[in-house]
Amino acid sequence: CQDWAEHLAANGFETRIVETDNLNEIKQEYDVPRDMASCHTALIGDLVIEGHVPAQDIKRLLQTENDIRLLAVPGMPSGGPGMDMPGAPKQPFKVFAVSKSDKVMVFKRYEDY
């Protein structure tokens, strides 16, 4: 997840990594749906970022008025930010948004990148 934090920092986000042995408790505290879970959970104010969400999607969300409480990339798809090691295949993936009323929608699709 250090590579994802570096991706965020390279895109203007201040990052601080807090390691824990109780990641499931963090996910429960911030109401991350089980099917949206990934390897790390990040916070930007009241916004929860789950997994390897691209910085441009976070920026886009922060620039709009909305009721989204969580952006998530479930699992750890190869090729996404922080998972884009040299020679790694680029798997298609989706960034999901979850509203304050728990409505789930696709925020962005990455298929041909």
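Since the structure is predicted, the reported quantities are computational estimates derived from the model, not experimental observations. (Residues numbered from 1 in each chain as written. Predicted model: local features only at pLDDT ≥ 70, side-chain atom pairs only at ≥ 80, totals over all residues. Heavy atoms only, no water.)

Points about the side chain of H7
Argument step 1. Tracing the backbone shows H7 in helix 1 (residues 2–10).
Argument step 2. A distance of 2.9 Å separates a polar atom in the side chain of H7 from the backbone nitrogen of A55.
Argument step 3. With sequence-adjacent residues up to four places away left out, H7 is seen in contact with V53, P54, A55 and P81. (Helix = DSSP H or I, 4+ residues; strand = E, 2+ residues; numbered from the N terminus. Polar contact = N/O pair within 3.5 Å; in protein donor to acceptor, adjacent residues only side chain to side chain. Contact = heavy atoms within 4.5 Å.)

Topic: the pairing of strand 4 (residues 93–99)
Argument step 1. Of all seven residues making up strand 4, six are buried, and the element is well covered by its neighbours.
Argument step 2. With four bridges connecting them, strand 3 (residues 68–73) and strand 4 associate as antiparallel partners. Of the residues in strand 4, the one forming a bridge with L70 is V98.
Argument step 3. Alignment of strand 4 against strand 5 (residues 104–110), held across six bridges, turns out to be antiparallel. Looking at the pairing, F96 lines up with V106 of strand 5. (Buried < 20%, exposed > 50% of the residue type's maximum accessible area, 1.4 Å probe, protein only. Pairing = 2+ DSSP bridges.)

So, the pattern of salt bridges
Two side chains with opposite charge may pair up if their charged atoms get near one another.
Argument step 1. Counting across every chain of the model gives three salt bridges.
Argument step 2. E50 is paired through a salt bridge with K27; the nearest N and O atoms lie 2.4 Å apart. Residue E50 is located in strand 2 (residues 47–51), and its partner K27 is located in helix 2 (residues 23–29); the two are separated by 23 residues in the primary sequence.
Argument step 3. Accessibility expressed as a relative area gives 0% for E50, which makes it buried. (Salt bridge = Lys/Arg side-chain N within 4 Å of Asp/Glu carboxyl O.)

Things to note about the nonpolar core
Side chains that are nonpolar tend, in soluble globular proteins, to be buried together.
Argument step 1. I49, V53, I58, L71, V95 and F107 are the most contacted members of the largest nonpolar core, which totals 18 residues.
Argument step 2. At the level of secondary structure, the elements contributing two or more residues to this core comprise helix 1, strand 2, helix 3 (55–62), strand 3, strand 4 and strand 5.
Argument step 3. In this view, L71 contacts L47, V48, I49, E50, V53, D57, I58, L61, V95, F96, A97 and F107; residues no more than four positions away in its chain are not counted.
Argument step 4. Among the nonpolar cores identified, the runner-up in size contains seven residues, and V32, M36, F96 and V98 belong to it. (Core = buried A, V, L, I, M, F, W, Y, C linked by side-chain atoms within 4.5 Å.)

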